[in-house]
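Report on the structure
Take a look at the letters that make up each chain.
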Amino acid sequence: MEEIKEYGLKDGKLAIGLCGEIHSGNADEFYQTVIKAYQATPADILFDGEELDFIDSTALGAFVKILKTLRTDGRTLGFKNLQAKIKKLFVICSLDTIMEIA
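In what follows, the accompanying structure is described. (Residues numbered from 1 in each chain as written. Predicted model: local features only at pLDDT ≥ 70, side-chain atom pairs only at ≥ 80, totals over all residues. Heavy atoms only, no water.)

1. Details of the environment of Ser94
- Among the secondary structure elements, Ser94 is positioned in the loop between helix 3 (84-92) and strand 5 (100-101).
- As for Ser94 and Lys10, which are separated by 84 residues in sequence, their C-alpha atoms are 27 Å apart. (Helix = DSSP H or I, 4+ residues; strand = E, 2+ residues; numbered from the N terminus.)

As structure tokens, this is what we get:
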């Protein structure tokens, strides 16, 4: 999956680097890939969006589904290094109130 650049444990969190675009055409595969990584290494997830260029509403839905899975296990989900235009989408949808966005 080319939207996930790398992942692994870092500072006790499952760090996942994102790149390119996450949209209706690949959001389901993205979700499945992240959940597989989480199941292999259960930990809070921190997405690094430095190289993420675009997301749509389907991608936002995938992030919410991932959060629901994590919350069931008492885990958290966060983002760092998001571009301003992508961060704005999270804020407009009030997702910054349920996810950590740095």
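Additional details are given in the paragraphs that follow.
2. Re the sheet that holds strand 2 (residues 13-22)
- Strand order in the open sheet made by the 5 strands is 1-2-3-4-5, with mixed pairing throughout. The outermost strands of the open sheet, each flanked by one partner alone, are strand 1 (4-10) and strand 5.
- Summarising the sheet, strand 4 (residues 77-80) and strand 5 pair through 2 bridges and their orientation is parallel. Bridging across to strand 5, Gly78 finds its partner in Glu100.
- Contacting strand 1, strand 2 and strand 3 (45-55), helix 1 (residues 27-40) runs over the sheet at an angle of about 165 degrees to strand 2.
- Contacts between helix 3 and the sheet are confined to strand 3, strand 4 and strand 5, with strand 3 contributing the most and set at about 115 degrees to the helix. (Pairing = 2+ DSSP bridges. Contact = heavy atoms within 4.5 Å. Axes fitted to C-alpha atoms, helices over the stretch in contact; angles between N-to-C directions.)

3. Here we look at the pairing of strand 2
- Pairing between strand 1 and strand 2: 6 bridges, direction antiparallel. Bridge assignment links Lys10 to a residue of strand 2, and that residue is Lys13.
- Count of turn residues in the strand 1/strand 2 antiparallel hairpin: 2 residues, of which Asp11 carries a positive phi of about 55 degrees.
- Bridge analysis of strand 2 against strand 3 gives 8 bridges, and the strand direction is parallel. Residue Ala15 lies in a different strand from strand 3, and its bridge partner there is Leu46.

Read these as layout, nothing more, since geometry by itself doesn't imply function.
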